[in-house]
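Coordinates in review
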Amino acid sequence: MNYISLDDFKYAWAFRHQQLPIEENLLSKIKPMSDSRATNLWCTFVSREKDHPDFFDTKDWPGNGKTWGNSVKWESAWDNDEALPEEIINHLDWDENTTVYYCLSRKHVIETDWRTFKATWLNFLFMSDGCLLIGKKRHQVVQFLETGYAKLGKRVD
C-alpha cells in the first residue's frame, strides 16, 4: 500500500482546520504516503542518512548552501489568507498537474499535484519546520521554514 487514509495521518488536523476548510474534491487529492513509501521517497530524493530537516548537513543537498538562492517571506501572505507568494510560483514554474511531494520527515511525506498544493498551501504551511516541496522529475525546490521564510533552490540529483 502506497498511501494511508488522511484520517490515519498524524497531521490530518492541518487539512481539517475549521478556519481553512478544503473542498472534498481537493481533499481527496492530498495523499499521505505509507511509512515504507515515504521512507523510500525520502531516501531516494532527500537524504539517505538524515531523517528530519533539523539534521541536514553539507553531505545532503538540502544542507548544502549551494542548493539555495533567494529567500522569500511567506508568512504575511499566510497570515492574510492570500495566494502563495508569486516569487515561489515563478521559481517553481510547474505545470498544474505536476506531482509534488511535501516532505516533512523520513516517515511523513504527502503527495498531491501542484494545482492542489497552491489551492491548499495555507493548510500545508501549518507544517513549516523545514519541510521541502519537491516536484516529480523537477529540480526546483522550496524549503519552508518556521521563521516565515522560504528558501528557493535547485536540487541536484
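Look up: the structure comes first, before these words.
Conventions and cut-offs
- Residues numbered from 1 in each chain as written.
- Predicted model: local features only at pLDDT ≥ 70, side-chain atom pairs only at ≥ 80, totals over all residues.
- Heavy atoms only, no water.
- Helix = DSSP H or I, 4+ residues; strand = E, 2+ residues; numbered from the N terminus.
- Rg over C-alpha atoms; globule rule 2.2 N^0.38 Å.
- Buried < 20%, exposed > 50% of the residue type's maximum accessible area, 1.4 Å probe, protein only.
- Areas by Shrake-Rupley, 256 points an atom, 1.4 Å probe, with all protein chains shown as cover.
- Lys, Arg positive; Asp, Glu negative; His and termini not counted.
- Charge placed at Lys NZ, Arg CZ, Asp CG, Glu CD.
- Core = buried A, V, L, I, M, F, W, Y, C linked by side-chain atoms within 4.5 Å.
- Contact = heavy atoms within 4.5 Å.
- Salt bridge = Lys/Arg side-chain N within 4 Å of Asp/Glu carboxyl O.
- 1 Å grid on protein atoms, 1.4 Å probe; cavity = no way out; pocket = protein on both sides within 12 Å on 5 of 7 lines; lining within 4 Å.
- Points joined across faces, edges and corners; volume = space filled by probe spheres on them.
- Nonpolar A, V, L, I, M, F, W, Y, C, P; charged D, E, K, R; others polar.
- Pairing = 2+ DSSP bridges.
- Axes fitted to C-alpha atoms, helices over the stretch in contact; angles between N-to-C directions.

Now for the overall build of the chain. Helix and strand counts for the chain come out as five helices and seven strands. Secondary structure elements of the chain, listed N to C terminal, follow the sequence α-β-α-β-α-α-β-β-α-β-β-β. The C-alpha atoms of the chain give 15 Å as radius of gyration, which agrees with the globular expectation for 157 residues (15 Å, within 12%). Counting only residues that meet the buried cut, the chain has 48% of its 157 residues in that class. Summed over all atoms, the accessible surface of the chain reaches about 8,300 Å², with 45% contributed by carbon and sulfur. The centroid of the 20 positive side-chain charges in the chain is displaced by 8 Å from the centroid of its 24 negative side-chain charges.

Formed by 34 residues in total, the largest nonpolar core has its most connected members in Phe15, Ile88, Tyr102, Ile110, Phe117, Leu133 and Phe144. Residue assignment for this core shows that the elements contributing at least two residues are α1 (24-27), α4 (86-92), β3 (99-105), α5 (114-124), β5 (131-135), β6 (140-144) and β7 (149-154). Ignoring any residue separated from it by four or fewer positions in sequence, one finds Phe15 in contact with Leu6, Phe9, Ile22, Leu27, Ile30, Ile110, Asn123, Phe124 and Met127. Among the nonpolar cores identified, the runner-up in size contains 14 residues, and Met33, Ala38, Leu41 and Val109 belong to it.

With that out of the way, let us pick up the environment of Gln18. On the secondary structure map, Gln18 appears in the segment before α1. Among the residues examined, Gln18 registers a relative accessible area of 77% and is labelled exposed.

Here we come to the pattern of salt bridges. Under the counting rule described, the total for this entry stands at nine salt bridges. Taking the shortest distance from any N to any O, the salt bridge between Lys50 and Glu49 comes out at 3.8 Å. For Glu49, a relative accessible area of 56% translates into the label exposed. What makes Lys50 buried here is its relative accessible area of 17%. Overlapping salt bridges, with partners in common, bring together Lys31, Arg37 and Glu111 in one network.

For Asp81, which is not a glycine, the phi torsion comes out positive at approximately 55°. Note that Asp81 resides in the loop between α3 (75-79) and α4. For Asp93, which is not glycine, the phi torsion reads 45° and is therefore positive. One can find Asp93 in the loop between α4 and β3.

One number sums up the size of the largest pocket: a volume of about 190 Å³. Thr44, Val46, Ser47, Arg48 and Trp61 are the residues nearest the centre of the largest pocket, which is lined by 13 residues in total. Of the residues assigned to the lining of the largest pocket, the class counts are five nonpolar, two polar and six charged.

The seven strands lie next to each other as β1-β4-β3-β5-β6-β7-β2, forming an open sheet whose pairing is antiparallel. Edge positions in the open sheet fall to β1 (31-32) and β2 (68-73), since each of these has one partner strand only. Two elements, β6 and β7, share five bridges in a ladder whose sense is antiparallel. By the bridge assignment, Gln140 is partnered in β7 with Lys154. Strands β3, β4 (108-113) and β5 of the sheet are contacted by helix α2 (residues 35-45), whose axis makes an angle of about 95° with β3.

Treat this as a map of the structure, not an account of what it does.
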